[in-house]
Amino acid sequence: MRFAPREIILKDGRTCILRPTAPEDSEMMIHYMKDTAGETEYLLRYPDEVTYTVEAEREILGRILDDPSSVMMVAIVDGRVAGNCSISGIGSKRKILHRCSMAIALYREFWHLGIGTAMIACLAELAREIGYQQMDLEVVEENTQAQALYAKCGFIESGRRHRALRFDDGSFHDEILMYREL
Ligand SMILES: CC(C)(COP(=O)(O)OP(=O)(O)OC[C@H]1O[C@@H](n2cnc3c(N)ncnc32)[C@H](O)[C@@H]1OP(=O)(O)O)[C@@H](O)C(=O)NCCC(=O)NCCS
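Residues numbered from 1 in each chain as written. Predicted model: local features only at pLDDT ≥ 70, side-chain atom pairs only at ≥ 80, totals over all residues.

Visitor: When you look at the sheet that holds strand β1 (residues 6-9) in this model, what are you seeing that I'm missing?
Guide: Pairing between the strands of a sheet is mediated by backbone hydrogen bonds and can be parallel or antiparallel. Read from one edge to the other, the open sheet built from 8 strands follows the order β1-β2-β3-β4-β5-β6-β8-β7, with strand pairing classed as mixed. What marks the edges here is a single partner per strand, and that holds for β1 and β7 (156-166). This sheet shows a mean twist of 25 degrees between the axes of neighbouring strands, independent of strand direction. Two strands pair when backbone bridges link them, and strand β4 (residues 80-89) and strand β5 (residues 99-106) are joined in this way by 7 bridges, in the antiparallel orientation. Across the sheet, residue serine 88 finds its bridge partner in β5, namely serine 101. Of the strands in this sheet, β6 (134-140) and β8 (172-181) are in contact with helix α4 (residues 144-152), which crosses β6 at around 160 degrees. (Pairing = 2+ DSSP bridges. Helix = DSSP H or I, 4+ residues; strand = E, 2+ residues; numbered from the N terminus. Axes fitted to C-alpha atoms, helices over the stretch in contact; angles between N-to-C directions. Contact = placed C-beta atoms within 7 Å.)

Visitor: Sorry if this is basic, but what is going on with helix α1 (residues 26-39) here?
Guide: Note that an α-helix has 3.6 residues per turn; residues three or four places apart therefore point the same way. Given a rise of 1.5 Å per residue, 14 residues ought to cover 20 Å, and the 20 Å separating the end C-alpha atoms of α1 matches this to within 8%. Within the span of α1, buried status applies to Ser26, Met29, Tyr32 and Thr36. Viewed end-on, α1 has its buried residues packed into an arc of 110 degrees, placing them on one side of the element. Exposed residues pointing more than 90 degrees away from the buried face of α1 are listed as Glu27 and His31. Where the residues of α1 are buried, they touch α2 (54-66), β4 and β5. (Expected span 1.5 Å × (residues − 1). Buried ≥ 20, exposed ≤ 12 C-beta atoms within 10 Å, placed from the backbone. Arc of directions from axis to C-beta.)

Visitor: Sorry if this is basic, but what is going on with the site of the ligand here?
Guide: What surrounds the ligand is a group of 20 residues, the closest being Leu106, His112, Gly116, Thr117 and Ala148. Among the elements of the structure, β5, α3 (115-130) and α4 are those that each provide at least two residues to the shell around the ligand. Of the residues forming the shell around the ligand, the biggest block, 5 residues, is contributed by α4. Residues of the shell around the ligand, tallied by class, amount to 12 nonpolar, 7 polar and 1 charged. (Near = placed C-beta within 6 Å. Nonpolar A, V, L, I, M, F, W, Y, C, P; charged D, E, K, R; others polar.)

Visitor: What am I meant to see in unusual backbone geometry here?
Guide: Excluding glycine, a negative phi dihedral is what most residues carry, and trans is how most peptide bonds are arranged. One non-glycine residue, aspartate 78, lies in the positive phi region at around 50 degrees. Note on placement: aspartate 78 falls in the loop between β3 (71-77) and β4. Despite not being glycine, histidine 112 has its phi angle at roughly 70 degrees, a positive value. On the secondary structure map, histidine 112 appears in the loop between β5 and α3. Taking the number of C-beta atoms within 10 Å as the measure of exposure, histidine 112 has 13 and is therefore partly exposed.

Visitor: Help me out: how do you make sense of the environment of valine 139 in this one?
Guide: Mapped onto the elements, valine 139 comes out in strand β6. Considering only alpha carbons, one finds valine 139 and alanine 103, 36 residues apart in sequence, at a separation of 9.4 Å. With residues near it in sequence (within four places) discarded, valine 139 still touches Ala146, Gln147, Tyr150, Glu175, Ile176 and Met178.

Structure (structure tokens):
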């Protein structure tokens, strides 16, 4: 969906713009997905799994922008992508229409500046506007930094998916399930 861009001031005094991700961002977004996947183990994809072409990514971003039930947001600092977050419905059946799923990731150099907190506040507002009543997410058990952010933003732990992930080194990791009522 489209929404009006907003400006926030970061902990280091810089200005950050939160705006919808657009088809023109496709090349930048492919780099972002590859880079962030290499900076942390806590995202679902490995860098070599980012195989979108610029054209395919452009189409995906255009579709999301025109989808009234999805939000894809990018944070821009000093003209560069600092991070990205999104919400999307989890399915079209009436019994689950009240729920959306949330994802977020920032370049490491932009961690701890308040972008995550601001993005989630903005996502929650837009999710309410769409008509969702609940945001769901999964977070790797060891990702205590993200869990601290989510708890601060009102998310509550609701369960655990045992051995949800198997890393390339053969280790298994649980996912913690969290949700927030809107
Ligand atoms: C998780 C992530 C999105 C957090 O975003 P962020 O912009 O760094 O978060 P914020 O700056 O808004 O900080 C939120 C909270 O994180 C914690 N935090 C912030 N700085 C911290 C630090 N130096 N050390 C530990 N925790 C810290 C605090 O609880 C903070 O709340 P506070 O500002 O009231 O102290 C970001 O670290 C990230 O992109 N990580 C890699 C990808 C990832 O793990 N995504 C989530 C997958 S489920």
